[in-house]
Amino acid sequence: IIMAKKQDARAPIYNLVVVGLSGTEKEKGQCGVGKSCLCNRFVRPSADDFDLDHTSVLSTSDFGGRVVNNDHFLYWGEAGRTIEEGQECRMNVVEQTEFIDDQTFQPHRSTALQPYIKRAASTKLASAEKLMYFCTDQLGLEQDFEQKQMPEGKLIVDGFLLSVDVSRGMNRSFEDQMKFVGNLYNQLAKTKKPVVLALTKCDEGVERYIKDSHAFALAKKNLQVVETSARSNVNVDLAFLTLVQLIDKSRGKPKIIPYFEALKQQ
Ligand code: GTP
Ligand code: MG
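These figures come from a predicted structure and were not determined experimentally. (Residues numbered from 1 in each chain as written. Chains lettered and ligands numbered in written order. Predicted model: local features only at pLDDT ≥ 70, side-chain atom pairs only at ≥ 80, totals over all residues. Heavy atoms only, no water.)

> When you look at empty space enclosed by the protein in this model, what are you seeing that I'm missing?
Rolling a probe over the atoms, with the probe sized like a water molecule, indicates the empty space that remains. Tallied over the entire structure, the rule returns one cavity of 30 Å³ or more. Estimated volume of the largest cavity: approximately 50 Å³. Lining the largest cavity are Ser36, His54, Thr55, Ser56, Val68, Leu74, Glu95, Thr97, Phe99, Tyr133 and Leu139. Of the residues contributing to the lining of the largest cavity, the split by class is five nonpolar, five polar and one charged. (1 Å grid on protein atoms, 1.4 Å probe; cavity = no way out; pocket = protein on both sides within 12 Å on 5 of 7 lines; lining within 4 Å. Points joined across faces, edges and corners; volume = space filled by probe spheres on them. Nonpolar A, V, L, I, M, F, W, Y, C, P; charged D, E, K, R; others polar.)

> Looking at this structure, I do not really get the environment of lysine 118. What am I missing?
Inspection of the secondary structure puts lysine 118 in helix α5 (residues 116-120). Residue lysine 118 is classed as partly exposed on the basis of its relative accessible area of 41%. C-alpha of lysine 118 to C-alpha of leucine 188: the two residues are 70 residues apart in sequence and 8.7 Å apart in space. (Helix = DSSP H or I, 4+ residues; strand = E, 2+ residues; numbered from the N terminus. Buried < 20%, exposed > 50% of the residue type's maximum accessible area, 1.4 Å probe, protein only.)

> Explain the site of ligand 1 to me, please; I cannot follow it from the model alone.
In the vicinity of ligand 1 lie 21 residues, with Ser22, Lys28, Leu52, Ser56 and Thr97 positioned nearest. The separation between an oxygen atom of ligand 1 and a polar side-chain atom of lysine 201 is 3.0 Å. Between an oxygen atom of ligand 1 and a side-chain N or O atom of serine 229, the distance comes to 3.5 Å. Protein chains shield 89% of the accessible area of ligand 1, which is 650 Å² for the free molecule. Comparing atom positions with the cavity grids shows ligand 1 to sit within the largest pocket. (Near = heavy atom within 4 Å. Polar contact = N/O pair within 3.5 Å; in protein donor to acceptor, adjacent residues only side chain to side chain. Areas by Shrake-Rupley, 256 points an atom, 1.4 Å probe, with all protein chains shown as cover. Sits in = over half its atoms within 2 Å of the grid points.)

> How should the pairing of strand β9 (residues 195-200) be read in this particular structure?
Across a regular strand the side chains alternate sides, sitting on one face of the sheet and then on the other. Burial runs high along β9: six of the six residues are buried. The alternating pattern of β9 places Val195, Leu197 and Leu199 and Val196, Ala198 and Thr200 on opposite faces, both of which are buried. Bridging between strand β8 (residues 159-165) and β9 involves six bridges; their strand directions are parallel. Its bridge partner lying in β9, valine 164 is registered against leucine 199. In the classification by handedness, the crossover that spans β8, the intervening helix α6 (residues 174-190) and the parallel β9 is right-handed. Alignment of β9 against strand β10 (residues 224-227), held across four bridges, turns out to be parallel. The residue of β10 that forms the bridge with leucine 199 is glutamate 227. For the crossover that starts at β9, traverses helix α7 (residues 207-219) and ends in the parallel β10, the hand is right-handed. (Pairing = 2+ DSSP bridges. Right-handed = clockwise from strand over helix to strand, strands pointing away.)

Take a look at the structure:
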């Protein structure tokens, strides 16, 4: 009976989705905005488990394997953190991306034919027997990795982490990214779920882009900004835990610390 009680009292679990500019090279330039790296650093923070390279250009067979499962989202797994006063907190992490066919360089066809910004704002995700993603090398070699399924093959989304790449970016203009982010934000706002703006790649951040992102957030009411770097492992937990606090107001508020201050505190 005691065991059963303990089970019931397990920490609540929050389903968090990381979104941001995605698409073909025409839309996102030569390199992504940092969604995968942010997820990787949060779910598997140790240096051995952190990979900077998570390509979205896939063969048809990798797209159809059980990890990608013909979806344009990845299940990154579950993360646990002890937040203030020893409170346990569990989070499922999903990345909304767009997988590109390595033959045609067009998005892979999936059952959901909606454009990214509509799809990324979905609050119900379903994918039967979808496996947790680790890394690019896992695709096609699923049996060589731990096979953990997305719980019950479905998730109800509790909140969104909207990423904005504030580095120089490769053949992509910051203005174009912000236009996309603005449209995406409008879709997310319709869901009434909490949103946190996560500035990515702050280790290479361009001052003007950081300022513009803060101005963008100020113009939306109550949009909090966290300056992160997955590469330097700065403020990644803070971004996710700030979102959890917005979802569950009964939890304490983490103090927002700018990138350079957080870097000094490491
Ligand atoms: P798609 O899913 O393809 O839309 O891209 P994404 O948003 O998941 O981007 P991803 O995380 O794959 O990052 C793309 C590239 O950006 C990486 O291969 C790294 O080279 C670089 N990058 C990611 N995070 C950081 C960071 O914190 N700092 C720096 N300097 N570079 C980063
Ligand atoms: Mg990605």
